[in-house]
Amino acid sequence: MKFAFFQGCNIPVRIEQYADSTEAVLRIFDIELVKIPEFNCCGYPVRNVDEKAYILPSIRNMAIAEKAGLDILVICNCCFASLQKAKNVLEKDSALKDEFNTLLAKEGLTYHGATRIRHYLTVLHEDVGIEAIRNKLVNTCKGLKLSVIHGCHILRPREITQFDDSFVPRITEDLVGVTGATSIDWRGSLECCGAALAGLNDELSRRLLQEKITGAREAGADYVTPICSYCHLQFDTTQVNIAAQAGPETDLLSVLLYPQLLGLCLGINEQRLGIARNRTIGVGDIDHIKSLLAPPVEEKKKKVRQQAA
Amino acid sequence: MNFTLLLTVAVSICLIGIVLRFYVWFSQGIHPPATSSSLPQRLAAAGRAMGGALFGPRLVTILKSIFLDLLFQQRVFNKNTLRWLAHGLIFTGFLLLFFLHALDSLITEKLFSGYVSTLNPYLFLRNLFGLMVLAGVTIAVYRRITLRPQRLKTYAGDWAALIFVGGIILSGMLLEGAKISSYSTFQRMVEDYGDVAGDQEQQALEAFWVKENGLVIAHRKVEMTTALVDQGREISGRSCIECHAPNTSAFVSYGLARITGPIAAAAGDAGAVNFLWYLHILFCLSFLAWLPFSKMFHIIAAPVSLIITRIMGKENGEPANVLTRQMIGLSACTHCGACSLECSSNMFFESFQNDFILPSEKVQFLKNLAAGRELDPDTLKKLQQGLYICTSCDRCTDICPSGINLKELFVSSRYALLAHGIPETSMLSHFSFPLALAQYRVDDHLKALKILEQLFKKSFRVLADMVQPLTLTRPGKFSNPSYRSCYSCQRCTNICPVVRSFDNPGEALGLLPHQIIYSLGIGNVDLAMGSKMIWSCSTCYLCQEHCPNQVELCDIFYGLKNAAIAKIEEGDRS
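Residues numbered from 1 in each chain as written. Chains lettered and ligands numbered in written order. Predicted model: local features only at pLDDT ≥ 70, side-chain atom pairs only at ≥ 80, totals over all residues. Heavy atoms only, no water.

1. A word on the domain arrangement of chain A
All names here are of chain A.
Logical step 1: We note that the domain assignment places domain 1 (2–119) and domain 2 (138–294) within chain A.
Logical step 2: Its C-alpha centre places domain 1 at a distance of 24 Å from the equivalent point of domain 2.
Logical step 3: Contacts between the two partners involve 27 residues from domain 1 and, on the opposite side, 31 residues from domain 2.
Logical step 4: In total, about 2,400 Å² of surface goes out of reach between domain 1 and domain 2, with carbon and sulfur atoms giving 66% of it.
Logical step 5: For the pair domain 1 and domain 2, the number of links is two salt bridges.
Logical step 6: E16 serves as the salt-bridge partner of R277, at 3.9 Å between the closest nitrogen and oxygen.
Logical step 7: Joining domain 1 to domain 2, the criterion identifies six residue pairs in polar contact (both at pLDDT 80 or more). (Domains from an automatic or database assignment. Contact = heavy atoms within 4.5 Å. Buried area = accessible area lost by both parts, 1.4 Å probe. Salt bridge = Lys/Arg side-chain N within 4 Å of Asp/Glu carboxyl O. Polar contact = N/O pair within 3.5 Å; in protein donor to acceptor, adjacent residues only side chain to side chain.)

Right under this line is the structure:
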């Protein structure tokens, strides 16, 4: 399988480890990610200012992928939602489609709507499948408690994103479950990290973030696993910024990305997964996670029995 | 006019220009204000940095930079082979011609004892180098024309640079071609160097040079028998070949001579040679004089910028060097447009029709800001918007072939402009997110947000300030009609994470989510637009997802934000 890899603006310059670990994990399942330098911003940043200016960039990106004959694979929630939204808007508005196509024609591009927008978790869950993942596991990570924060724009509005049940999401539950780790039940899992208010109202933004950090801790989480790149930056950068102002003693809630966890269980080297590049993770954390890694016991027994039979 | 005089004038202008540009490096800057460190302080800081780099382990880095960045042009090579080829052809061809041909009496003669400009390999190489430059210029022109739809902007100065470089080479080749075909040049050379006895031998030599070396004799008929040509070849071998290789070695000029020869002969060949000589010299000397005042100054500035970037990366050094590095960066821009071609904000440029959204256009204009020139309010506003509509993806900085730290330039300029107090509505976009993350100039950012808040207060009346009772008008003025299905259950407000963040949300937010929907219901869009709630919305979509009647609250809030900004921008224009 081959996808056009849409990284957005944040990941290549601020969260390279998210792209690297996703790529490394998907390669194990023979999924190739093609980097396309012509891709531009998804449009999300301008949504507060002008809806039309928000739609156009995603349309160009999809037209580029369409020309290359590829579906798009996305990591970032906001990019994902922007692409899905743009697709949805043009399905209903042919006048706007014509207007944008006239503009795109200048650079030899046309948007038909043929490209599908896929989130990497959906690809892992649907296209690869839990059993296929289980068969490739070298380790499981029993006893690790993760607080997954989905990020809003992947779940809602459900008619647009079409990712999972927006009230009781199963995909992350299954995907964390297969690694042996526990996705804990906590109240922030479906809520907002505050990123959309950063730079506009930092105080409120940080209040929302702090509520999630406290919530995850109280629920007994070892690590937070943000799905969205904006959530990641809130937990992995803003949290550090807040701590720096609060004093050197502040305890941080460490970030562990899902493909980093899955990568470890698939036997991928931690350097390649860029775990140490998460700013909130310390050497102790990495040792802790590694100490929990153990070969998947039951599976081996089954295999032995099958061989004996 | 005398050549030495012209040369002296051109060299003087060039030197004065270079000194002026150097002065600008150390006297101007964007932010912090140039007054923060004096000229001597900046010179001293630059000296310290240079000393530290030259006498230390960084010397290896510098040498690496000279080979990889300056000579090999690695940054361009990694991005675009065609552009690398164009630059490489022009750069190599032009430099070799400059040192080996223009400065032949100073360099080539000293290096190669038997140097005569009409001998091979010199005759051949001059043409080869010239052809390289012309090929490079052709690719560059092709690139500028074909990439126009990809938002590559071309100014008169860009064309001028290509015309100058191409003109120098073409006029040189035409001059050589004219000399090849010129009978008077031939005669002068025979008189000076030839060993020809009598008219018959002269005729034989002429026949041979007409036949095989491109000479054109138009004023009389030349007898061209095989025997005469053979005799001419023999005489040529005896008296010319020692110092003059066959003209066919100058393969381009020779070809040109075949075309231009008859025309030059008809117009007067001595005059043609003379005219083309002046043309060639004028092209060369005016290019030299123009160089420091144009983008061609990158010949000096780009290597400096690349070495600094190789050593420092995106980090800033000593504060006194920050401004100097900004200025070196600005002067190193070649307006190649590589940054704009890959700018992640390129589609915002299409939507907002503001040239300053493209990084290449910003850099070009920032020189005016650095020089402290008075800018009219419209331009200032456009520049400010262009600086703000940026995803902070840093692609431009990574791509720039001149190694300009564009990211730092843009951040500094952004806050330098915001300090003027012109409200910037783009601050309310998520372009502010990476700025908040990086915590650039937090106080300046807050101050600029305050200005915006005041503008909102001025433009919209809020519920708390109203004394008159609200009047009902007909609803239906708002683009998203889903608000009409609201049946006032207030589920939206009850689930909102922002509302629950405040002890007194009504006061803090102006209107609560359900009240915004009510405002639309009574036809008062302005009241909704002016509420602080829409700007405090975390866009989590919980309200919309939980609404039992499918009111698209979050989408409505986006619509209100767009409308509020449009209204403010409109008010600002009128």
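2. Let's talk about the pairing of strand β6 (residues 145–149) of chain A
All names here are of chain A.
Logical step 1: Counting buried positions over the five residues of β6 gives four, a clear majority of the element.
Logical step 2: Bridging between β6 and strand β7 (residues 182–183) involves two bridges; their strand directions are parallel. The residue bridging K145 from the neighbouring strand is T182, located in β7. (Buried < 20%, exposed > 50% of the residue type's maximum accessible area, 1.4 Å probe, protein only. Helix = DSSP H or I, 4+ residues; strand = E, 2+ residues; numbered from the N terminus. Pairing = 2+ DSSP bridges.)

3. Observations concerning a nonpolar patch on the surface
Logical step 1: A surface patch of nonpolar side chains, about 550 Å² in accessible area, is lined by L5(B), V9(B), I13(B), I16(B), L20(B) and F293(B).
Logical step 2: Topologically, F293(B) is positioned in the loop between α13 (269–290) and α14 (298–312). (Patch = residues over 30% accessible without salt bridge, like charges linked within 9 Å, V, L, I, M, F, W, Y side chains within 5 Å. Areas by Shrake-Rupley, 256 points an atom, 1.4 Å probe, with all protein chains shown as cover.)

4. A word on the interface of chain B and chain A
Logical step 1: With 52 residues of chain B at the interface, the matching set in chain A holds 57 residues.
Logical step 2: Both faces considered, chain B and chain A share a buried interface measuring about 4,800 Å² in area, 57% of it formed by carbon and sulfur atoms.
Logical step 3: Taken together, the links from chain B to chain A amount to six salt bridges.
Logical step 4: The salt bridge involving R47(A) is made with D555(B); its shortest N-O contact spans 3.1 Å.
Logical step 5: Here chain B and chain A share 25 residue pairs in polar contact (both at pLDDT 80 or more) between them.
Logical step 6: When contributions to the side of chain B that touches chain A are tallied by element, the ones reaching two or more residues are α17 (346–352), α22 (432–438), α23 (442–459), α28 (533–536), α29 (542–546) and α30 (553–573) of chain B.
Logical step 7: Here the side of chain B that touches chain A gets six residues from one element, more than from any other, and that element is α17(B).

5. Concerning the pairing of strand β8 (residues 223–226) of chain A
Residue and element names in this part refer to chain A.
Logical step 1: Burial along β8 is two-sided: Y223 and T225 facing one way and V224 and P226 facing the other are all buried.
Logical step 2: Pairing between β6 and β8: four bridges, direction parallel. In the sheet register, S147 faces β8, and the bridge partner there is V224.

6. A word on the packing of aromatic side chains
Logical step 1: Applying the stated criterion to the full structure yields 29 aromatic pairs over all chains.
Logical step 2: Look at F164(B) and F283(B): their rings are 6.4 Å apart centre to centre, the planes differ by 85 degrees, and that puts the pair in the edge-to-face class. Taken together, the residues F164(B) in helix α8 (residues 156–181) and F283(B) in helix α13 connect sequence positions 119 residues apart.
Logical step 3: What makes F164(B) buried here is its relative accessible area of 17%.
Logical step 4: Here F456(B) and W535(B) contribute two aromatic rings whose centre-to-centre distance is 5.7 Å and whose plane-to-plane angle is 75 degrees, an arrangement assigned as edge-to-face. Residue F456(B) is located in helix α23, and its partner W535(B) is located in helix α28; the two are separated by 79 residues in the primary sequence.
Logical step 5: Judged by relative accessible area, W535(B) falls into the buried class, the value being 12%.
Logical step 6: An aromatic cluster is defined as three or more aromatic residues linked by ring pairs; in this entry it consists of F94(B), F164(B), F283(B), F287(B) and W290(B).
Logical step 7: For the cation-ring pair, R207(A) lies above F502(B), with the distance from its terminal atom to the ring centre recorded as 4.9 Å.
Logical step 8: For the cation-ring pair, K362(B) lies above F410(B), with the distance from its terminal atom to the ring centre recorded as 4.9 Å. (Phe/Tyr/Trp six-rings, centres within 6.5 Å; stacked < 30°, edge-to-face > 60°. Lys NZ or Arg CZ within 6 Å of the ring centre and 35° of its normal.)

7. Here we look at the packing of helix α4 (residues 77–92) of chain A against helix α5 (residues 94–105) of chain A
All names here are of chain A.
Logical step 1: Where α4 contacts α5, the two axes come as close as 5 Å, and the packing angle between them is 115 degrees. When the interaxial angle is binned, α4 and α5 end up roughly perpendicular. For the pair α4 and α5, contact is made by V89, L90 and K92 and by S94, L96, K97 and F100, respectively.
Logical step 2: Along the lines of polarity and charge, the residues of the contact of α4 with α5 split into four nonpolar, one polar and two charged. (Axes fitted to C-alpha atoms, helices over the stretch in contact; angles between N-to-C directions. Parallel < 35°, antiparallel > 145°, perpendicular 65-115°, else oblique. Nonpolar A, V, L, I, M, F, W, Y, C, P; charged D, E, K, R; others polar.)

8. A short note on the sheet that holds strand β3 (residues 71–74) of chain A
All names here are of chain A.
Logical step 1: Spatially, β2-β1-β3-β4 is the arrangement adopted by the four strands of the open sheet, whose pairing is parallel. The sheet is open, and its two edges are formed by β2 (32–35) and β4 (117–119), each paired on a single side. Averaged over all pairs of adjacent strands, the angle between their axes in this sheet comes to 45 degrees, without regard to strand direction.
Logical step 2: Judged from the four bridges that link them, strand β1 (residues 2–6) and β3 form a sheet pairing that is parallel. Note on β3: the bridge partner recorded for F3 is D71.
Logical step 3: Its contacts with the sheet place α4 against β1, β3 and β4, and it is angled at close to 155 degrees to β4.
Logical step 4: Each of β1, β3 and β4 is contacted by helix α6 (residues 120–128), which is oriented at about 80 degrees to β4, the strand it contacts most.

9. Quick word on the UniProt feature "domain: Cysteine-rich" (unreviewed entry) in chain A
Logical step 1: Under the feature "domain: Cysteine-rich" (unreviewed entry), the UniProt entry names residues 4–83 and 149–236 of chain A.
Logical step 2: Secondary structure over residues 149–236 of chain A splits into 47% helix and 8% strand, and the C-alpha atoms at its two ends are 13 Å apart. (UniProt positions renumbered as here; feature names shortened; annotations may be inferred.)

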